[in-house]
Structure formats: structure tokens, C-alpha cells
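Single-letter residue listing:
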Amino acid sequence: MGQITKKEIIAFIEPNIQQFHNRRLENLTELQLKKILSRKNPYLFRAKNQNTAQDLVKTILDAHLSSQEEGIFGGFLEELAIFICSQVYDGKKSSSEGIDLEFSKNRSIYIVSIKSGPNWGNSRQIARMKDDFKRAKRILGTNTSKQKVITVNGCCYGKDNKPDKGDYLKLCGQRFWEFISGDETLYTEIIEPLGHKAKEKNEKFSEEYAKVINKFTREFAIEYCDERGSILWEKLVKFNSGK
């Protein structure tokens, strides 16, 4: 078992968190109104009585950005977890399909599927993860000696106070970060460096966000509002769902 210092963790986080901010900003500036209109439910907006172009645009933009940011940041947290585990337990990115991390400790091999939070999937997605675990265990079982192979669903935040799921362990939040590092306080220590230059980066994002809201609102009003300013719901639905 090795060790990792707070200084090493900060040295990893600070440059890599900038990639999160950069990708977030790039995704915003490259967006097209029709792309996000085609992916959102117009019936829902009508049912919620969203009759102002700017409110509707803001709602769909925020929903789209939130989904993208979860994915980008989840990828960053996965990389952080693998880095930390590599320093402590010589962990490595797994080559097995659906498996993110492999490492050995206490005479056992652990194969880990990393997710952002505990409520990440439906029953079909969980079944697929179980299949990935079975396949990876089968391969490892033929390639290793008598080491036990233990499967783990690791979640970077949240809680699950019944970690033993029978087929696998589900370790969330503090349990997960301690599991890959041996440090029960790590889950709180990583929060501070994540804010590196956050104020500066978010100010830039807010500037571009305002521009996109104004641009999309203008485009929406021209394309999907009549001369009196009413939203042309039928035209919007036809664009979104018509053959």
C-alpha cells in the first residue's frame, strides 16, 4: 500500500478541473437552438404554461447544460478516483468492458464500475453492469491464481447504507473514497481544490450564457412567435415531432 499526499491531489485537480470549465464553456458557445429544441419535450412546456420566449429558452437551455455538465464532471471524478487509487494501491484503468478501475488489496482483486451518484441507473442499466461484472470476473478468474475477485459499484457522492447488494458492493460517498485511498477523510479534503479559479471561470461562463440566452430568445421569437408575440405551439411541435 502506497500513500498520496494532499499536495499531490491538488496538483492533479487544479489543472484538470480547468478542462472541465473549458469543455463546459465550449459546449455552451457551440450550441444551436434547433439542436436543443429537437431534444426537449414541447408538450411539457405547454403544460407548464411557459408562454414567454425567454423563459422557455432559459428552461430548455438550463436542462441541456445541466445534463452535459453532469457527464463532463462525472468523467473528471472518475479520472481523479483512478489517479488516487493508482498512487495508493497501484490501481489502473480497466481494459474490461464496462469496468473503470482494477486494483488489488487484502489478497483480493477489486473491479470497479464508477458512477457519479447512487441513483445513476434503471433496472436494465443495473442488469447490464452486473453482466459486465460477470464477464470481467470470468476473464480474471482464468488469468489469475487463487485471488478472490470482488465487484464494486463506486459512487462519487451520496449514501447507501446497505452496501452489500449480493452480486456486488455499492460504496457511495465517504465509503467509496476511503475504499480507493485508505483515507476516511479524503471525501471532504477534495472539495476545496475543486474550487480552484471557480469564480473567475464562472464569471466568464455567465457572460457567454447571457449572450446565448439573448441570441436564442431572438431566434426563437422570429421562428416560433407570431406578430403579436404569442408562441406558435403547433409549429414548434411539428419541428420537434413531425415526420
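This write-up is about the structure you can find in this document. Since we're looking at a predicted model, the values are computed, not measured.

Right, let's get into the side chain of Gln50. When you line up the elements, Gln50 lands in the loop between α3 (42–47) and α4 (53–89). Classification of Gln50 as buried rests on a relative accessible area of 13%. Engagement of the side chain of Gln50 in a polar contact is seen with the side chain of Thr59, the distance being 2.8 Å.

Once that is clear, we can look at the packing of α4 against helix α8 (residues 198–224). Interaxial distance between α4 and α8 falls to 9 Å at its minimum, and their mutual angle equals 130°. Here α4 is positioned oblique relative to α8, judged by the angle of their axes. Regarding α4 and α8, the two cross each other, and that crossing is right-handed. Judged by residue contacts, Ala53, Gln54, Leu56, Val57, Lys58, Leu61, Asp62, Leu65 and Glu69 of α4 engage Phe205, Tyr209, Val212, Ile213, Phe216, Thr217 and Phe220 from α8. Here the contact of α4 with α8 is built from residues that sort into 11 nonpolar, 2 polar and 3 charged.

Attention now goes to unusual backbone geometry. Backbone geometry at Asn49 places phi at a positive 60°, although glycine is not the residue there. Located in the positive-phi region is Lys197, a residue other than glycine, with phi close to 60°. Structurally, the position occupied by Lys197 is in the loop between α7 (186–189) and α8. For Lys197, a relative accessible area of 45% corresponds to the partly exposed category.

Okay, the packing of aromatic side chains next. Enumeration according to the criterion identifies 12 aromatic pairs in this entry. With a centroid separation of 5.1 Å and an interplanar angle of 70°, the aromatic rings of Phe20 and Phe73 are classed as edge-to-face. Highlighted residues: Phe20 in helix α1 (residues 6–29) and Phe73 in helix α4, separated in sequence by 53 residues. With 5.3 Å between their ring centres and 40° between their planes, Phe220 and Tyr224 make a pair best called tilted.

A few words now on the pattern of salt bridges. Opposite charge on two side chains permits pairing when their charged atoms draw close. Within this structure, the stated rule accounts for 16 salt bridges. Between Lys199 and Glu203 there is a salt bridge, and its shortest N-O distance comes to 2.6 Å. Taken as a pair, Lys199 and Glu203 lie in helix α8 at a separation of 4 residues, close to a single helical turn. Between Lys211 and Glu208 there is a salt bridge whose closest N-O contact spans 3.4 Å. Separated by 3 residues within a single helix, Lys211 and Glu208 lie in helix α8, roughly one turn from each other. Judged by its relative accessible area of 51%, Lys211 is exposed. Taken together, the shared-partner salt bridges in this structure form one network comprising Glu97, Arg128, Asp132 and Arg135.

Rules behind the numbers
- Residues numbered from 1 in each chain as written.
- Predicted model: local features only at pLDDT ≥ 70, side-chain atom pairs only at ≥ 80, totals over all residues.
- Heavy atoms only, no water.
- Helix = DSSP H or I, 4+ residues; strand = E, 2+ residues; numbered from the N terminus.
- Buried < 20%, exposed > 50% of the residue type's maximum accessible area, 1.4 Å probe, protein only.
- Polar contact = N/O pair within 3.5 Å; in protein donor to acceptor, adjacent residues only side chain to side chain.
- Axes fitted to C-alpha atoms, helices over the stretch in contact; angles between N-to-C directions.
- Parallel < 35°, antiparallel > 145°, perpendicular 65-115°, else oblique.
- Left-handed = near helix turned anticlockwise from the far one by under 90°.
- Contact = heavy atoms within 4.5 Å.
- Nonpolar A, V, L, I, M, F, W, Y, C, P; charged D, E, K, R; others polar.
- Phe/Tyr/Trp six-rings, centres within 6.5 Å; stacked < 30°, edge-to-face > 60°.
- Salt bridge = Lys/Arg side-chain N within 4 Å of Asp/Glu carboxyl O.

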